[in-house]
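Coordinate analysis (summary)
Here is what each chain is made of, one letter per residue.
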Amino acid sequence: MALQLRIYVPPHPLIKHWLAVARDHGTPPVLFRAAMKELGRWLTYEAVRDWLPTVDTTVQTPLGDCEATFVNPEVPMAAVPILRAGLALWEGAQELLPLASVYHLGLVRDEQTLTPHCYLNKLPPQFAPQTQVLVLDPMVATGGSLLAALAELVQRGVDPALIRVIAVVAAPPALQALSTAYPALTLYSAMIDTGLNAQGYILPGLGDAGDRAFGTL
Ligand SMILES: O=P(O)(O)OC[C@H]1O[C@H](OP(=O)(O)OP(=O)(O)O)[C@H](O)[C@@H]1O
Ligand SMILES: O=c1cc[nH]c(=O)[nH]1
Ligand SMILES: [Mg+2]
């Protein structure tokens, strides 16, 4: 059977709540950052529930032996926040993935062409085999930035089937492009919105996530 992009919109009240806070145009940067942090936490919680590698063993409680399951620290785990706005999501995600190696990728869209320009690439030349990668990009609009990030990962040996993406708002043009280029990918998003405006912003979206997070409107 052919692979198909898997898109999950977790029906979680906390995700809905923090998305509403982030969308509200009156939300100041300090609260917007808090909302992105919470969205990063809960979307990651959902994204790793059947994905975090575990190892079964036994522990001794004060009263005796007990079967136990730990997160397996041997399996390589990487996180790739796409700057700037992905940093705000990572604030929450890092509390769930303290063992992940963090590789920052700085991408900014050209406002006219909407193509991404890379200004910082801290990815390693090659990832270890079987590395699981969580990519954090809050806005997936045209999908250009995410596609550029995925190309860098795959070029460095990452299996697309081992990549999970968390986003806050995704738009149909991006999902179409992702599904064609990376059918093995899995994406978790707080919401899928209707489309883009002429400037490439998601409608209704939440505006420019980077500017709102860092107060640079
Ligand atoms: O799907 P796309 O059309 O590529 O748009 C999505 C990108 O746009 C935003 O970044 P931006 O370029 O505004 O940089 P910033 O995070 O520094 O504001 C957002 O954080 C995504 O990375
Ligand atoms: O709506 C959008 C689209 C791209 N980048 C953003 O920050 N917001
Ligand atoms: Mg921006």
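Note that the structure is a prediction, hence the values are computed from the model and not measured.

**Re the coordination of the magnesium ion (ligand 3)**
Where a metal carries four tetrahedral donors, each ideal angle is 109.5 degrees; where it carries six octahedral donors, the ideal angles are 90 or 180 degrees. Looking at the magnesium ion (ligand 3), the protein donor atoms are Asp-208 (OD) and Asp-208 (OD), and they sit 2.3 to 2.6 Å from it. Considering the arrangement of structural elements, one finds Asp-208 in the loop between β13 (202-203) and α6 (209-214).

**Structural notes on the site of ligand 1**
Near ligand 1 there are 16 residues, and of these Arg-84, Arg-109, Asp-137, Thr-142 and Ser-145 occur at the shortest range. The separation between an oxygen atom of ligand 1 and a polar main-chain atom of Ala-85 is 3.1 Å. Contact between ligand 1 and Ser-145: an oxygen atom at 2.6 Å from a side-chain N or O atom of the residue. Burial of ligand 1 by the protein chains amounts to 94% of its free accessible area of 500 Å².

**Topic: the side chain of Glu-46**
By the element assignment, Glu-46 lies in helix α2 (residues 29-47). Within the structure, Glu-46 has its side chain in polar contact with the side chain of Arg-49 (distance 3.4 Å).

**Details of the UniProt feature "domain: Phosphoribosyltransferase" (unreviewed entry) in the protein chain**
This chain's UniProt record puts "domain: Phosphoribosyltransferase" (unreviewed entry) on residues 9-216. The distance separating the terminal C-alpha atoms of residues 9-216 is 29 Å; by composition the span is 32% helix and 30% strand.

**Details of α2**
Quick reminder: α-helices carry 3.6 residues per turn. Residues three or four places apart thus point the same way. Taking 1.5 Å per residue as the helical rise, α2 with its 19 residues ought to reach 27 Å, and the 26 Å between its terminal C-alpha atoms agrees with that figure. For α2, the full list of buried residues reads Phe-32, Ala-35, Met-36, Glu-38, Leu-39, Gly-40, Arg-41, Leu-43, Thr-44, Glu-46 and Ala-47. Summarising the contacts, the buried residues of α2 are in contact with α1 (13-23), α3 (86-93), β8 (132-136), β10 (163-170), β11 (186-192) and α6.

**Observations regarding the packing of aromatic side chains**
Considering all chains together, one arrives at 3 aromatic pairs under this definition. Considering the side-chain rings of Trp-42 and Tyr-45, the 5.9 Å spacing of their centres and the 70° angle between planes classify their relative orientation as edge-to-face. In this pair, Trp-42 and Tyr-45 are both assigned in helix α2, 3 residues apart and thus about one turn of the helix distant. Of the residues examined, Trp-42 reaches a relative accessible area of 21% and is grouped as partly exposed. With a relative accessible area of 41%, Tyr-45 lands in the partly exposed category. Where Tyr-103 meets Phe-127, the ring centres are 5.3 Å apart and the plane angle is 80°; that geometry is what we call edge-to-face. Placement of the pair is Tyr-103 in the loop between β5 (101-102) and β6 (105-109) and Phe-127 in the loop between β7 (116-121) and β8, with a sequence separation of 24 residues. When its relative accessible area of 21% is taken as the criterion, Tyr-103 is described as partly exposed.

Rules behind the numbers
Residues numbered from 1 in each chain as written. Chains lettered and ligands numbered in written order. Predicted model: local features only at pLDDT ≥ 70, side-chain atom pairs only at ≥ 80, totals over all residues. Heavy atoms only, no water. Donors = N, O, S within 2.8 Å, 3.2 Å for Na, K, Ca; no water. Helix = DSSP H or I, 4+ residues; strand = E, 2+ residues; numbered from the N terminus. Near = heavy atom within 4 Å. Polar contact = N/O pair within 3.5 Å; in protein donor to acceptor, adjacent residues only side chain to side chain. Areas by Shrake-Rupley, 256 points an atom, 1.4 Å probe, with all protein chains shown as cover. UniProt positions renumbered as here; feature names shortened; annotations may be inferred. Expected span 1.5 Å × (residues − 1). Buried < 20%, exposed > 50% of the residue type's maximum accessible area, 1.4 Å probe, protein only. Contact = heavy atoms within 4.5 Å. Phe/Tyr/Trp six-rings, centres within 6.5 Å; stacked < 30°, edge-to-face > 60°.

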